[in-house]
Amino acid sequence: MIDFWWSMVYDSRMETRVIEVDPLEDCRRIYKEAAAVLAEGGLVAIPTETVYGLGADAFNPDAVAKVFEVKGRPSFDPLICHLPNGKALKDITEIPEALQPLVDKLVKEFWPGPMTLVLPRKECVPDIVTSGLPTVACRVTSHEVMRAVARALGRPVAAPSANRFGHISPTSAPAVMKELGGSIPLVLDAGACSEGLESTILQPCLDEKGNPAVRVLREGPVTREKLRKICKVVKPGKGSDIEAATPCAPGMLKSHYAPTKPLLLHDPKEPFTPQEGVRYGLITYQGDSPLAAQDCWEEVMPLSPGSGRLAEAAVRLFAVMRAMDECEAVDVIVAEELPKMGLGMAMMDRLNRAAAQRGE
C-alpha cells in the first residue's frame, strides 16, 4: 500500500542533483550549499558511516514533515537528530543528574561513532521529530560530511535512512537515487558507507537498585560486549516500550529493512526444501555451508566470502540484500542465520525484521 501511495504522490518528479564530496578535502562550499537547502526547508541525502540519511532541519517542523512524506514513514516512528559534536547534546536534552556521569562516559567512549542515545528532550525539539515522545534520539556520526553539514546549518539534522519506509537501507549514493531520486533536491555522494549497519540505540536508565545502566533498544555496531566493558546492560521489562507496537526509538518496528521479494531465514546446517516452480537466491555468510552447497539456488551471494568476518559481513549486508532483491532470476530470498554474537546479533536483528510480514 505504501509503495502505491508513494508512486501516486511522486508522479511529478523534481530534478535530484548528486554532488560528489571527499571528506578529506576542503569541501566547505558544498557543505554550505547543502546547509542552505536545509535552511530553506529542503531535504538532503547525507552519508554517515552506517547508512545514508535523509536530512532535514530538525527545528523546522514543516521540513521534517517532508521527510515523513517522502519516505512514506508513519508519524509515530521518531527520527534521530544528528549533532556536530557531543557538546551540542546539552542544546536539545535534559539529562537527569543521576545519569550524567554515564552519559559522559558513553559519549567519550563511542562518539563520534555509530551510537544513538535516547534522552529526555528540551522543549525546543519539535514534537514531529520525537513523534510526541518526551525523549529525543541523538547521535554524533564519525562521518565528517554529516557533521560538517550540521555545523554549517548551526542546528541538528533530523535524518532517518534515505529510503522509502520499510525498504532496504541505502549504503551508497546510487542506492539512494534508486529509492528517492526525483523526490529530493540534493544527494551528497561520499562513496560507500564504512559500517553498513545502522547505529546501536541506547537508553540510559537506572536499574532496579537505582544504579546507572543502559537498555539496548536496537542492536548495532556498538555491541553489548563493548558496552559491558564500561557499564551495566539491562534487559527491558515485560510489557515495556521496547515490546510495544508504537516504537520508543527509530528502527524498532517489527517489519523493517525489507526487500520487495519474500525473505526466509534458514539454519545453514539444515537442508532446504524448495517449492517447485519457485526460483531461490541464497545470502550466505561465507559461502561454504552445507546450505550453500545445495544445487537449488539460482544465485548465491556471500557476505564474507571464505573469511567469515562479521565486520565485513555487516558492511556488505544491505548491499547484498539489495543486489539479491534486484536479481531478475530470483523469486524468493533465503538468508542463512548468522552467529548470534557481537555484530551477528545486529545483523540477525535486521534479517528478522526483513523477514517479518510487511504491513499493508
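In this text the structure is predicted, and so the values were computed from the model without any measurement.

**Student:** How would you sum up the overall build of the protein chain? Please name residues and give values.
**Tutor:** The number of helices and strands found in the protein chain is eleven helices and 15 strands. Taking 360 residues into account, the globule formula puts the C-alpha radius of gyration at 21 Å, and the protein chain, at 20 Å, falls close to it. Taking the principal axes of its C-alpha atoms as reference, the protein chain extends roughly 60 × 55 × 40 Å. A burial count over the protein chain gives 57% of its 360 residues as buried. By sequence separation, contacts in the protein chain at least 24 residues apart represent 69% of the contacts at least 6 residues apart. Accessible surface, the protein chain as shown: approximately 15,800 Å² in total, 51% of it carbon and sulfur. Considering the protein chain, the positive charge centre built from 41 side chains and the negative charge centre built from 48 side chains are found 6 Å apart.

**Student:** So what about the sheet that holds strand 13 (residues 280–284)? Which residues, and what values?
**Tutor:** The strands that make up a sheet are held in pairs by hydrogen bonds between backbone atoms, and each pair lies either parallel or antiparallel. Read across the sheet, four strands follow the order 12-15-13-14 without closing on themselves; strand pairing throughout is parallel. Edge strands, defined here as strands with exactly one partner in the open sheet, are strand 12 (263–266) and strand 14 (297–302). For this sheet, the mean inter-axis angle between neighbouring strands, taken without regard to orientation, is 25°. Packing against the sheet, helix 10 (residues 310–326) makes contact with strand 12, strand 13, strand 14 and strand 15 (332–336), and its axis sits at approximately 165° to strand 14. Packing of helix 11 (residues 343–355) onto the sheet brings it into contact with strand 12 and strand 15, and relative to strand 12 it is tilted by some 130°.

**Student:** Can you tell me about the packing of aromatic side chains, naming the residues and giving the values?
**Tutor:** Inspection of the entire model under this criterion finds two aromatic pairs. Ring plane angle 75° and centroid distance 5.0 Å describe the contact between phenylalanine 272 and tyrosine 280, whose orientation is recorded as edge-to-face. Accessibility expressed as a relative area gives 10% for phenylalanine 272, which makes it buried. Connected via pairs of aromatic rings, a cluster forms that spans Phe272, Tyr280 and Trp297.

**Student:** Please provide a residue-by-residue account of the environment of aspartate 62, values included.
**Tutor:** Position of aspartate 62 relative to the elements: it lies in helix 3 (residues 61–71). Expressed as a C-alpha distance, the spacing of aspartate 62 and isoleucine 128, which sit 66 residues apart in the sequence, is 9.1 Å.

**Student:** Give me the lowdown on the sheet that holds strand 4 (residues 80–82), citing residues and values where you can.
**Tutor:** Across the sheet, which stays open at both edges, the eleven strands sit in the order 1-8-2-3-7-4-6-5-9-10-11 with mixed pairing between neighbours. What marks the edges here is a single partner per strand, and that holds for strand 1 (17–20) and strand 11 (233–234). In this structure, strand 2 (residues 44–47) lies alongside strand 3 (residues 52–57), joined through four bridges in antiparallel fashion. From the neighbouring strand, isoleucine 46 faces strand 3, where its bridge partner is glycine 53.

**Student:** Residues and numbers for the side chain of threonine 284, please.
**Tutor:** Structurally, the position occupied by threonine 284 is in strand 13. With relative accessibility at 1%, the residue threonine 284 sits in the buried group. If near-sequence neighbours (up to four positions away) are discounted, threonine 284 is found in contact with Ser289, Ala292, Val300, Met301, Pro302, Leu303 and Glu336.

**Student:** Describe the state of the cysteines, and please don't skip the residues or the numbers.
**Tutor:** Throughout the structure, instances matching the rule amount to zero disulfides. Here cysteine 81 stays free of any disulfide, with the sulfur of cysteine 138 as its closest cysteine sulfur at 6.1 Å. By relative accessible area, cysteine 81 is classed as buried at 2%. We note that cysteine 205 lacks a disulfide partner, and the nearest cysteine sulfur, in cysteine 231, lies 9.2 Å from it. Owing to a relative accessible area of 7%, cysteine 205 belongs among the buried residues under this scheme.

About the cut-offs
- Residues numbered from 1 in each chain as written.
- Predicted model: local features only at pLDDT ≥ 70, side-chain atom pairs only at ≥ 80, totals over all residues.
- Heavy atoms only, no water.
- Helix = DSSP H or I, 4+ residues; strand = E, 2+ residues; numbered from the N terminus.
- Rg over C-alpha atoms; globule rule 2.2 N^0.38 Å.
- Buried < 20%, exposed > 50% of the residue type's maximum accessible area, 1.4 Å probe, protein only.
- Contact = heavy atoms within 4.5 Å.
- Areas by Shrake-Rupley, 256 points an atom, 1.4 Å probe, with all protein chains shown as cover.
- Lys, Arg positive; Asp, Glu negative; His and termini not counted.
- Charge placed at Lys NZ, Arg CZ, Asp CG, Glu CD.
- Pairing = 2+ DSSP bridges.
- Axes fitted to C-alpha atoms, helices over the stretch in contact; angles between N-to-C directions.
- Phe/Tyr/Trp six-rings, centres within 6.5 Å; stacked < 30°, edge-to-face > 60°.
- Disulfide = S-S within 2.5 Å.

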